[in-house]
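Chain by chain, the residues:
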Amino acid sequence: MTSALEIITNKGNEIWSISAGEMVLEALKRMAQHDIGALIVMEDSKPIGLFTERHYARNVFLKGRSSPETPVRDAMREGFIHVRPDQDIDECMALMTRCKVRHLLVMDGDRLLGVLSIGDLVKSTIADREFTIEQLSNYISGNAA
C-alpha cells in the first residue's frame, strides 16, 4: 500500500502557502497562478491553518466581504488535519472522510513535508489498482501458455 510520503514524493512536495495577515485577494491570485485549490496558512514558519476555495466562497463571497480588504485569518480554517509520512492511502482516505476535509498535511513531527488532496489519493489509488490488474493479467497469461 502506498504511503503518504510516497505520494508527495511522486507528485512533488512543493508547498504553497500564505500568511494569515495577507489579503484574500492575494490568496486567490496565488491559487490561480499555481492551479491549486488550497493554501497552507503559515505563521512563524509553522502551519496554523488552511485557506481553500470553499473558505473563500463561504466566508468572504457569501458574506459580502471584499477580497482585497479581508485578511486570510478572517476566512481560513484554523488548525489542520495531518498524517504521518508512513500512513497509507486507506488511512488517509478514512481520515478525510471522517473529518470531512479534502486536504491533509503530511507532517514529520513539527516539520511540514507536503500536502495531500483528495485528488492525489484518488489518482494514487487508481494507479495501484491498474498495477494490480496488470500483474494479475501477466500472471494469468503466463500460466495459461
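Here, the structure is the one placed above.
Analysis parameters
- Residues numbered from 1 in each chain as written.
- Predicted model: local features only at pLDDT ≥ 70, side-chain atom pairs only at ≥ 80, totals over all residues.
- Heavy atoms only, no water.
- Buried < 20%, exposed > 50% of the residue type's maximum accessible area, 1.4 Å probe, protein only.
- Helix = DSSP H or I, 4+ residues; strand = E, 2+ residues; numbered from the N terminus.
- Right-handed = clockwise from strand over helix to strand, strands pointing away.
- Pairing = 2+ DSSP bridges.
- Arc of directions from axis to C-beta.
- Polar contact = N/O pair within 3.5 Å; in protein donor to acceptor, adjacent residues only side chain to side chain.

(A) Structural view of the pairing of strand β6 (residues 103–108). With five of its six residues buried, β6 lies for the most part within the structure. After leaving strand β5 (residues 82–83), the chain enters helix α4 (residues 89–99) and then returns to the sheet as β6, a path that is right-handed. With six bridges joining them, β6 and strand β7 (residues 111–117) adopt antiparallel strand pairing. Counted as the bridge partner of Met107 is Leu112 from β7. Where β6 folds back onto β7 in an antiparallel hairpin, the turn is made up of two residues, including Gly109, whose phi is positive at roughly 65°.

(B) Fine view of α4. The complete set of buried residues in α4 reads Ile89, Cys92, Leu95 and Met96. Looking straight down α4, one finds that the buried residues subtend no more than 130° of arc, so they occupy a single side. Of the exposed residues in α4, the ones pointing more than 90 degrees away from its buried face are Thr97 and Arg98. Where α4 begins, the side chain of Asp88 points an oxygen toward the backbone nitrogen of Asp90, at a separation of 3.0 Å. Phi turns positive one or two residues past the end of α4, at Lys100, with a value near 55°.

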